[in-house]
Amino acid sequence: MQYRIDRKSGNKLSVLGFGCMRFPKIFSKAEELVMRSIEKGVNYFDTAWIYPGNERVLGTILDKNNVRDKVFIATKLPLVLFKGTQVSAEESRVDFDKYFNQSLERLKTDYIDYYMMHMITDMDQWNQLKALGIENWIDQKKKSGQIKQIGFSFHGPGYEFLKIIDDYDWDFCLIQYNYSDENFQAGVKGLRAAAAKMTVITMEPLLGGKLAAGLPKEAVKIFKEACHTQQGGPADLSPAGWALNWVWDQEEVTTVLSGMGNMDQLEENLRLAGASEAGMLTDKHKDVYASVLKSINRSCKINCTGCNYCLPCPFGVNIPGSFSAYNVIYSHGYVEGMKQYITSTGFTSETGSGPCLCNKCGKCELLCPQKIPILKELSKVRRKMEPWWVRCIGIGMRFYMGKKRKKKDV
Ligand code: SF4
Ligand code: SF4
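Parameters at a glance
Within any chain, residue numbers begin from 1 and follow the written order of that chain's sequence. Lettering for chains starts from A, numbering for ligands starts from 1, and both go in the order in which the items are written. Side-chain atom pairs in this predicted model are given and counted only at pLDDT of 80 or more, local residue features only at pLDDT of at least 70, and totals for whole chains, interfaces and linings cover all residues. Runs of H or I in DSSP of at least four residues are treated as helices and runs of E of at least two as strands, each being numbered from the N terminus. Computation of the radius of gyration draws on C-alpha atoms, with the globule rule given as 2.2 Å multiplied by the number of residues to the power 0.38. As a rule, residues whose C-beta atom has 12 or fewer other C-beta atoms within 10 Å are exposed, those with 20 or more are buried, and those in between are partly exposed; C-beta atoms are placed from the backbone. Any residue pair is listed as a contact if its two C-beta atoms, each placed from the backbone, are within 7 Å. Here a strand pair is declared whenever DSSP counts at least two bridges between the two strands. Call a crossover right-handed when, viewed with both strands pointing away from you, the route from the first strand across the helix to the second goes clockwise. Any residue whose C-beta atom, as set from the backbone, lies within 6 Å of a molecule or strand is reported as near that molecule or strand. Polar here means any residue outside two lists: the nonpolar Ala, Val, Leu, Ile, Met, Phe, Trp, Tyr, Cys and Pro, and the charged Asp, Glu, Lys and Arg; Gly therefore counts as polar. Segment limits for the domains were obtained from an automatic or database-derived domain assignment. Expected span, for any helix, means 1.5 Å times one less than how many residues it has. In this description, the arc belongs to the directions extending from the helix axis to the C-beta atoms. Here, axes are lines fitted to C-alpha atoms. For helices the fit covers the stretch in contact, and angles between N-to-C directions go from 0 to 180 degrees. For classification purposes, an angle smaller than 35 degrees is called roughly parallel, one larger than 145 roughly antiparallel, one from 65 to 115 roughly perpendicular, and anything else oblique. Each crossing gets its hand from how the near helix is turned against the far one by less than a right angle, where anticlockwise is left-handed and clockwise is right-handed.

**Student:** Hey, could you run me through the overall build of the chain in this one?
**Tutor:** Assigned secondary structure in the chain consists of 16 helices and 10 strands. Compactness check: the chain gives a C-alpha radius of gyration of 21 Å against a globular reference of 22 Å for 410 residues, within 12% of the reference. Relative to its full complement of 410 residues, the chain shows a buried share of 42%. Sequence separation of 24 or more characterises 77% of the internal contacts of the chain that already satisfy a separation of 6 or more.

**Student:** What's the story with the pairing of strand β3 (residues 16-19) in this structure? I'm lost.
**Tutor:** Side-chain positions along a regular strand alternate between the two faces of the sheet. Burial along β3 is two-sided: the face carrying L16 and F18 and the face carrying G17 and G19 are both buried. Strand direction decides the pairing type here: β3 and strand β10 (residues 255-258), joined by 3 bridges, are parallel. Considered in β10, the bridge of F18 is made with S258. Where β3 meets strand β4 (residues 44-46), 2 bridges bridge the pair, whose relative direction is parallel. Each bridged residue has a counterpart across the sheet, and for G19 the counterpart in β4 is D46. Read from β3 through helix α1 (residues 27-39) to β4, the crossover connection turns out right-handed.

**Student:** I would appreciate a short explanation of the site of ligand 1 in the present structure.
**Tutor:** Residues in contact with ligand 1 amount to 14 residues; listed here are only the nearest, C313, V317, C358, C361 and C364. Mapped by element, the contributors of at least two residues to the shell around ligand 1 are α14 (363-367) and α15 (374-385). Grouping the amino acids of the shell around ligand 1 by side-chain chemistry returns 10 nonpolar, 2 polar and 2 charged.

**Student:** What is the right way to look at the domain arrangement of the chain in this model?
**Tutor:** Accessible area lost upon the coming together of the parts is a frequently used measure of interface size. Looking at the chain, the domain boundaries give domain 1 (3-290) and domain 2 (319-409). On a C-alpha basis, the centroid separation for the pair domain 1 and domain 2 is 25 Å.

**Student:** What's the story with helix α11 (residues 283-298) in this structure? I'm lost.
**Tutor:** Residues spaced three or four apart along an α-helix face the same direction, because each turn holds 3.6 residues. For α11, built from 16 residues, the straight-helix expectation of 22 Å at 1.5 Å per residue is met to within 8% by its first-to-last C-alpha distance of 22 Å. For α11, the full list of buried residues reads V288, Y289, V292 and I296. Buried residues of α11, seen end-on, are gathered within an arc of 95° and therefore sit on one face of the element. Relative to its buried face, α11 has exposed residues pointing more than 90 degrees away, namely D283, K284, A290, K294 and R298.

**Student:** What's the story with the sheet that holds β3 in this structure? I'm lost.
**Tutor:** Sheet strands pair via backbone hydrogen bonds, and the direction of the pair is either parallel or antiparallel. The strand order β3-β4-β5-β6-β7-β8-β9-β10 describes a closed barrel built from 8 strands, whose pairing is parallel. In this sheet, adjacent strand axes meet at a mean angle of 25° when their direction is disregarded.

**Student:** Help me out: how do you make sense of the packing of helix α9 (residues 239-248) against helix α10 (residues 263-275) in this one?
**Tutor:** To characterise two packed helices, one gives the angle between the axes of the helices and the distance between these axes. The geometry of α9 relative to α10 is characterised by a closest axis approach of 10 Å and an angle of 40° between their N-to-C directions. The angle between α9 and α10 places the two elements in the oblique class. Handedness of the α9/α10 crossing: right-handed. Along the contact surface, α9 presents A240, G241, L244 and N245, while α10 presents E268, N269 and L272.

Laid out in structure tokens, this is it:
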């Protein structure tokens, strides 16, 4: 296993981190994976309060095998449960404690090595948390030793990420990052800016498996030919291997999370992690990724590069996020595109940033270097991504969240 140093704490973190969200359903299978990965040097395990049953499975495995002190545990405060709530700072503090203590109990530990605000999407959300007294709460938890390192996971536009990393003395952050997301969400610009201040952990190196099993056939052929002709890489490197190597090549990344659901995936990732090195890719390798990306992009319908020049939209529309999710439908399927659409536009919440907010002012079209007819494309995106049944789900969720909030207020 290769290790990289956490710049803030000095911890030696394995370059391969275990994303526990996709644990197999059977406990013994999950246990086998966790113990094998620890045996081979993996020492960073990522879970979250909100992943059903996940913290408890991880905690039980570590406790049963007496290996808690051999690993770093990362888990997350469920911010989604605070979104839009109208409670006082005092009441929020009780809730922060409640969720944190539940995580400790489930994980069978009395401290968390890496604790995150789960899924911050923009500065407004962070400001709301500050108004609820989160900074004091973090200070006290760190002083008590219950939280060792504090960070946040991020799914939002890049310009919001840059504001958030500047607004607080974070120890680390967790961002989505892979060769097809170089200019999406935090992106390479965010990665570099963050790495100058804190440790950066990345997730989704395979975009939920879509850069492995879900690649267009033409892209798979390009990788295969590169292996066989030795133009770009060693023989028999799988698309997953190409994707992981792309992230490990970058010295700004400390640990790459991978959700390994079976022993074959784990063994392949362990082998790749063992051989990984920052700066290992040559120009020839990079040409191969560029060809593969072109192939992926050919299945794209809107030629948005994610440059963000059109942002901020005065009405809060996440234009590149909407276009990117729409393209994902054609390159990686409807479900993945929809997942991306919901996380980048949050259209199901009142604080969303979907195309429905556009008031047709036209400012963005003047700024787009690709000369994309943004207004027309946003309408197309909305028609595709928000058919009547999706809007019904959105209305249902708003109704449900509103009821939940009222209950809480009472
Ligand atoms: S036209 Fe719509 S998306 Fe573009 S800047 Fe104006 S409100 Fe925003
Ligand atoms: S300016 Fe154009 S290319 Fe750049 S992010 Fe906006 S829509 Fe995409």
